[in-house]
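Fold and contact review
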Amino acid sequence: MKTLLKISIYGMLLCTLGCNKPQTLNTKESFDFGWKFIAEDVSGAEALNFNDASWTDVNVPHDWSIEGNFSKDNPSFSRGGWLQTGKVTYRKTFSVAKEDKDKRFVIYFDGAYRNSEVFINGHSLGKRPLGYIAFHYDMTNHIKFGGDNVLTVKLDNSSQPGSRWYTGTGIYRHVHLIKTNKVYVPIWGNYIVADNYTSEKAEIKITTQVRNDLGDGKTVTVRHTAKAPNGEDVGSSSEVLTVGASATSQSKVVLEISNPQIWSQELPNLYTIKTEILEGDVVVYSEENKTGIRTLEFDKNEGFKLNGKVTKLKGVCLHHAGGPLGAAIHRRTVERQLEKLREMGSNAVRTAHNPFSEEFLKVCDSMGFLVMNEAFDEWELIKEPMTTQNGKKIRIPVDFYANQFKEWADIDLEDMLLRDRNHPSVIMWSIGNEIDQMRDEEGIAIGKRLADIVHRLDYRPVTNGVHGYWDPKRPNQDAAATSDIYGFNYITEERYLTEMESLPNIRSVITEHQSAQSFYPRSTYLYDEAKKAWWDKLNYEHNDAYEWVESRDIRGEKGMEAWRMVKKYPNIMGMFIWTGWDYLGEVIPFGWPARSSCFAPIDLAGFKKDGFYFYQSQWDDKPMVHIYPHWNLKGMEGKKVTIYGFTNGDEVELFQDGKSLGRKTNDSNAVEYQSWDVVYQPGELKAVSYKNGNVIAEKVVKTAGAPAKIKVETRRTEMKANGQDVIYVECTILDKDGNEVPTANNTLKFDVKGPVTIAGVGNGDSMGLEPFKANKRSAFHGKCLAILQSTQEAGDITCTITSEGLETVIVALVSK
Ligand code: GAL
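Rules behind the numbers
- Residues numbered from 1 in each chain as written.
- Predicted model: local features only at pLDDT ≥ 70, side-chain atom pairs only at ≥ 80, totals over all residues.
- Heavy atoms only, no water.
- Helix = DSSP H or I, 4+ residues; strand = E, 2+ residues; numbered from the N terminus.
- Rg over C-alpha atoms; globule rule 2.2 N^0.38 Å.
- Buried < 20%, exposed > 50% of the residue type's maximum accessible area, 1.4 Å probe, protein only.
- Contact = heavy atoms within 4.5 Å.
- Areas by Shrake-Rupley, 256 points an atom, 1.4 Å probe, with all protein chains shown as cover.
- Lys, Arg positive; Asp, Glu negative; His and termini not counted.
- Charge placed at Lys NZ, Arg CZ, Asp CG, Glu CD.
- Core = buried A, V, L, I, M, F, W, Y, C linked by side-chain atoms within 4.5 Å.
- Pairing = 2+ DSSP bridges.
- Axes fitted to C-alpha atoms, helices over the stretch in contact; angles between N-to-C directions.
- Near = heavy atom within 4 Å.
- Polar contact = N/O pair within 3.5 Å; in protein donor to acceptor, adjacent residues only side chain to side chain.
- Nonpolar A, V, L, I, M, F, W, Y, C, P; charged D, E, K, R; others polar.
- Phe/Tyr/Trp six-rings, centres within 6.5 Å; stacked < 30°, edge-to-face > 60°.
- Lys NZ or Arg CZ within 6 Å of the ring centre and 35° of its normal.
- UniProt positions renumbered as here; feature names shortened; annotations may be inferred.

Observations concerning the overall build of the chain
- Across its full length, the chain carries eleven helices and 47 strands.
- A globule of 816 residues ought to have a C-alpha radius of gyration of about 28 Å, and the chain, at 28 Å, matches this closely.
- Along the first, second and third principal axes, the C-alpha set of the chain runs to 95 × 65 × 60 Å.
- In the chain, which comprises 816 residues, the proportion classed as buried is 60%.
- For the chain, long-range pairs separated by at least 24 residues make up 71% of all intrachain contacts whose partners lie at least 6 apart in sequence.
- As displayed, the chain has an accessible area near 32,000 Å², and 48% of this comes from carbon and sulfur atoms.
- Here the chain contributes 98 positive and 109 negative side-chain charges, whose respective centroids are spaced 2 Å apart.

Structure representation (structure tokens):
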């Protein structure tokens, strides 16, 4: 009784104080569910009364390209992974209450691929060519209050090849409906900088735009409250602001926090800044942003420092997609990618070569990853459209972003900065990748213009992944002036030293370099006849591709060079390998039937390749040893095979069938691998790694027998019943004694029961042409994967995995 009374008195008080004032706060609602979809451009589909009953029901993130079959006839070509592309339309019907007639409605898309046009109730809100950029529209004037409304999104990804890699087609990122009062903070209107602290206190600078859409001016209070990582309020600051009618004003405050908890790679502490706008005592607007308190320094002598500590960037380039899920990825997909990269010892990502999702950056913030946030792969000139097909170099006409650059680049770059600049994980911005236009004055002018946009909006430095500043035709000093940090793609030591002579004060980073991983797909070790047969199957007409692949030998020696340089020269802040994970498209040097790249130490399904362990031996402290190839080399009996080993120990010993083949000294400062020549015979290899004479790690590789069972790893058994959580079911085929069978290609079938769907299957084979949307998958070199996605219903889940001749496995999971 007492409590009720209190509430009503409080309610009356509010009403008196806030007479004629809006009483409900702004909302941000997920608009991901309940869309209608058709893979066509349907004329008139934007009309409110259009009948879409026969269209498919979908939820977003949604990628239509990934749902199709691979076909040599698809115009996306090898660049797009031979998958379907085209024109598609989405519609979503929603109602707006009559009581909301004084509210403002905004629709927010975090990305839709590509050439979008969005309509509300038949009225076009605008077009956006770049499929990677977030955008939003105010649709208040076209909303029907007290009735149904329809949002229509038309996308056109039909002009192909449309990119140098797989893009996806669809509304492949989150959508939000935002409802506010007429006095509000516009989207991306809060800018939070938290890069000044001592152990006693931190200063957080907050700049806030306040917009008033009403006919009268307003005097408001902008109040910021900081919450510590444990949710406790730890500081606040406010400012009184006058905002004219239909005008925007800016508030600038410094919020102090005592004894700050710093954001670091090990402990990525995040503070929440709650921003409120008050008219009198009534809160009319509220939003929350995360920030991390940390300092970044880019020192020409010592390199990159995070919180004053020299930190080498052990980075990878990534594309935006998530393997078998295509571009429609979920938070868990990103977490898994970063977890595996962290296991490898990596601490940084370059968003190659375009803006990523907001969710990606949120995960980096919460996991302590560092991000080189990159905007463009091209400026005004389309990149050399060469590709290799059946071993022949051919040129194909393409339609890349360069065609829209003149009109849209400044807007896109500015929007990327505005959306992303609050993320503590972002440490630098990149305005390009291997831009040929940097060779002439026109390109230099563009570079300066883009760098100016970044400098106007943020304090972090600009880089540009340049392929050879050393080009004699390039105006070198001018090129350097377009970036704060010199970005080298594929630099050699000799060229680096030449650069340093002409530009000694420059700070640098290896924006891109080969990875220490062979170009062959995972666990592909080919000798003699087997090698010939593998290449014959691809029907190559000449040796170019063969030589290219062989040049990246199975030791990965070429890729090790970059890391040697990073270790040797303090003013190289770090490196980003091409790439961290394999990706769809850009299958060079292969042509059909290859449909994904093979550059990375982790394959498209997330299975580790040998190169993974090279980085682990160099980048991580956890004791480890890895040897390869596997030991099921039928046909090689009695022949010499070289065994390679990576370890972070100081000695390593190899045993064949229990007999020592000798200890080798391993100087990890020298960036080494070890090798032994062994005569192949079925049996056992064991590598033992030592540090200071003590065993620190062991690895056993045995010749496996026939496939008999399936080992299943899921990392988690519980998922969120939110329709967007995923569990990766990783399967490895074993023989009866539990040894991995690296040659197994059994087909596994996945039957699910309970509130769950199979979102995709995969196995990491870059030439596998089985579709990703299926309930079965053949293993590739002993491994395959199913990705299970929750629905919005909670309940128990089972996934039964069967395969002829193998023991059935039932995996029990739960969705809550
Ligand atoms: C680089 C380029 C990347 C990718 C890579 C493939 O030169 O910057 O985007 O195309 O080559 O090897």
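A word on the nonpolar core
- Core analysis: the biggest nonpolar cluster contains 129 residues, and Leu 313 and Leu 338 have the highest contact counts within it.
- Beyond its immediate chain neighbours, meaning those up to four positions away, Leu 313 contacts Phe 304, Asn 347, Ala 348, Leu 370, Ile 427, Met 428, Val 509, Met 573, Gly 574, Met 575 and Phe 576.
- By size, the runner-up hydrophobic cluster in this structure holds 27 residues, among which are Ile 107, Phe 109, Phe 135 and Leu 151.

Some remarks on unusual backbone geometry
- Omega for the bond connecting Val 60 with Pro 61 falls within 30 degrees of zero, at 0 degrees, which places this linkage in the cis form.
- Locating Pro 61 in the fold gives a position in the loop between β3 (56-58) and β4 (87-96).
- Cis peptide bonds are those with omega within 30 degrees of zero, and the linkage from Trp 578 to Thr 579 qualifies with -10 degrees.
- Relative to the helices and strands, Thr 579 resides in the loop between β31 (572-578) and α11 (610-619).

Looking at the sheet that holds strand β45 (residues 783-790)
- Overall, antiparallel pairing links the four strands, which are arranged β39-β41-β45-β43 in an open sheet. Taken across any chain shown, the strands that pair with only one partner, and hence form the sheet edges, are β39 (709-713) and β43 (756-762). In this sheet, adjacent strand axes meet at a mean angle of 25 degrees when their direction is disregarded.
- In the sheet, β43 pairs with β45 via six bridges, with the strands oriented antiparallel. In the sheet register, Gly 760 faces β45, and the bridge partner there is Ile 787.
- Seen against the sheet, helix α2 (residues 331-344) touches β41 (726-734) and β45 and runs at an angle of roughly 50 degrees to β41.

With respect to the site of the ligand
- In the vicinity of the ligand, the contacting residues are Arg 164, His 353, Asn 433, Glu 434, Asn 489, Tyr 490, Glu 512, Trp 578, Glu 586 and Phe 599.
- One of the side-chain N or O atoms of Arg 164 is found 2.7 Å from an oxygen atom in the ligand.
- Within the side chain of Glu 434, an N or O atom sits 2.7 Å from an oxygen atom of the ligand.
- For the ligand, whose accessible area on its own is 310 Å², the fraction buried by protein is 88%.
- Within the shell around the ligand, the residues separate by chemical class into three nonpolar, three polar and four charged.

Quick notes on the side chain of Ser 76
- With respect to the helices and strands, Ser 76 occurs in the loop between β3 and β4.
- A distance of 2.7 Å separates a polar atom in the side chain of Ser 76 from the backbone oxygen of Leu 83.
- Residue contacts for Ser 76: discarding those within four places in its chain leaves Trp 82, Leu 83, Thr 85, Gln 160 and Pro 161.

Section: the packing of aromatic side chains
- The tally for this structure, following the rule as stated, stands at 41 aromatic pairs.
- A ring pair is formed by Trp 578 and Tyr 583, whose centres lie 5.8 Å apart and whose planes are at 80 degrees; its orientation type is edge-to-face. There is no split in this pair, since Trp 578 and Tyr 583 are both buried.
- The ring of Tyr 191 has Arg 421 sitting right over it, with the charged end atom 3.8 Å from the ring centre.
- A cation over a ring is seen here: Lys 686 above Phe 655, with NZ or CZ 5.8 Å from the ring centre.

A short note on the pairing of strand β15 (residues 233-243)
- Where strand β14 (residues 218-227) meets β15, ten bridges bridge the pair, whose relative direction is antiparallel. Following the sheet pairing, His 224 is matched in β15 by Ser 237.
- Hairpin remark: β14 followed by β15, antiparallel, with five residues in the connecting loop; positive phi at Gly 231, about 95 degrees.

Points about the UniProt feature "domain: DUF4982" (unreviewed entry) in the chain
- The positions UniProt marks with the feature "domain: DUF4982" (unreviewed entry) are residues 638-697.
- Within the segment residues 638-697, helix and strand shares are 0% and 65% respectively, and the terminal C-alpha atoms sit 29 Å apart.

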